[in-house]
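Residues per chain, in single letters:
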Amino acid sequence: TISVWLNLDAPGTTTNYMLCAHGASDAAYGTIFTLSATTGYCNFGRKGATDLSKLGAVAPSTGTWEHWLVTHDGTFTDHNTVHIYRDGSEISYGAGSTNGVTEAAVTGSWSLGGRIYDDARNLNGKLAEVGVWNLVLTADEIAALKAGYAPGFFPSGLLFGPHLLGYTAEPDPISGLVATHDGTTVADHPRIIYPATYFILGVPAAAAAPT
């Protein structure tokens, strides 16, 4: 499962990457979550001899925060096991989805808002509260993320949940790795509920904005 809050400033002329996990050489992606407003779809893909790809026929909005989420049960040969959600509801799908053959392992870097190895496919907008799990979240968990609960409320299977607030790169609480911020700026942040002794509703003043 991949979960991300997106506020798109403007569409790109190509498919722009919300999240990408590269191969060891950083020359090819392993898992991507992309969008294109020019063709009106959101795409989830996984790299292989023949790529697994799921194309949703829904254009992202601009100038507003939306919650996007994709689940996949790991069946690389069947694109029907991929489901894409916007604001808690599964989107419609168009032609072009493909079944995969012989999946390639993801062994390289994660990048948000573009492809790190060639600084291309950059997203013109803001991302927040990214979470990646190695399992399919339940309908209740998907609804809670859309309602504003942070990924940290669902630690089972959580692989990746970087902090994007502020200007100092903090260690990812899951992997312990430190991210490199590129192109950050002051930006509004979606209303999020964070784990604490008691539930605290916060509205942070600034967030990293990949460009």
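These numbers come from a predicted model, not from an experiment.

Rules behind the numbers
Residues numbered from 1 in each chain as written. Predicted model: local features only at pLDDT ≥ 70, side-chain atom pairs only at ≥ 80, totals over all residues. Heavy atoms only, no water. Helix = DSSP H or I, 4+ residues; strand = E, 2+ residues; numbered from the N terminus. Buried < 20%, exposed > 50% of the residue type's maximum accessible area, 1.4 Å probe, protein only. Areas by Shrake-Rupley, 256 points an atom, 1.4 Å probe, with all protein chains shown as cover. Salt bridge = Lys/Arg side-chain N within 4 Å of Asp/Glu carboxyl O. Core = buried A, V, L, I, M, F, W, Y, C linked by side-chain atoms within 4.5 Å. Contact = heavy atoms within 4.5 Å. Pairing = 2+ DSSP bridges.

> Sorry, what's going on with the overall build of the protein chain here?
The helix and strand inventory of the protein chain stands at one helix and 15 strands. Looking at the protein chain as a whole, 46% of its 211 residues qualify as buried. In the form shown here, the protein chain has an accessible surface area of approximately 9600 Å², with 53% of it arising from carbon and sulfur atoms.

> I'm lost on the pattern of salt bridges in this one. Help?
Pairing between side chains becomes possible if they bear opposite charge and their charged atoms approach one another. Scanning the model with the defined rule gives four salt bridges in all. Salt-bridge contacts for Glu-66 lead to Arg-86; the nearest nitrogen and oxygen are separated by 3.5 Å. Here Glu-66, found in strand β7 (residues 65-72), pairs with Arg-86, found in strand β8 (residues 82-86); they are 20 residues apart in sequence, far enough to count as distant. Between Arg-115 and Asp-118 there is a salt bridge, and its shortest N-O distance comes to 2.7 Å. Given the relative accessible area of 33%, Asp-118 is considered partly exposed.

> Please clarify how the nonpolar core should be interpreted in this entry.
Note that soluble globular proteins tend to have their nonpolar side chains buried in a common cluster. One finds Met-18, Phe-33, Trp-68 and Ile-84 to be the most contacted residues of the largest nonpolar core, which totals 23 residues. For this core, the secondary-structure elements that each account for two or more residues are β1 (2-8), β2 (16-22), β3 (29-36), β4 (41-46), β7, β8 and β12 (125-133). Sort the elements by how many residues they give to this core and β1 lands first, with four residues. Setting aside chain neighbours within four positions, we find Ile-84 in contact with Phe-33, Cys-42, Phe-44, Lys-54, Gly-56, Trp-68, Leu-69, Val-70, Ser-89, Glu-90, Ile-91 and Tyr-93.

> Which parts of the structure should I look at to understand the pairing of β7?
Most of β7 is tucked away: eight of the eight residues are buried. Where burial is concerned, the two faces of β7 agree: the one with Trp-65, His-67, Leu-69 and Thr-71 and the one with Glu-66, Trp-68, Val-70 and His-72 are both buried. Relative to β7, β1 is paired through six bridges, and the arrangement is antiparallel. The residue of β7 that forms the bridge with Asn-7 is Trp-65. Here β7 runs beside β8; their pairing, made up of five bridges, is antiparallel. Within the sheet, the bridge partner assigned to His-72 lies in β8 and is Val-82.

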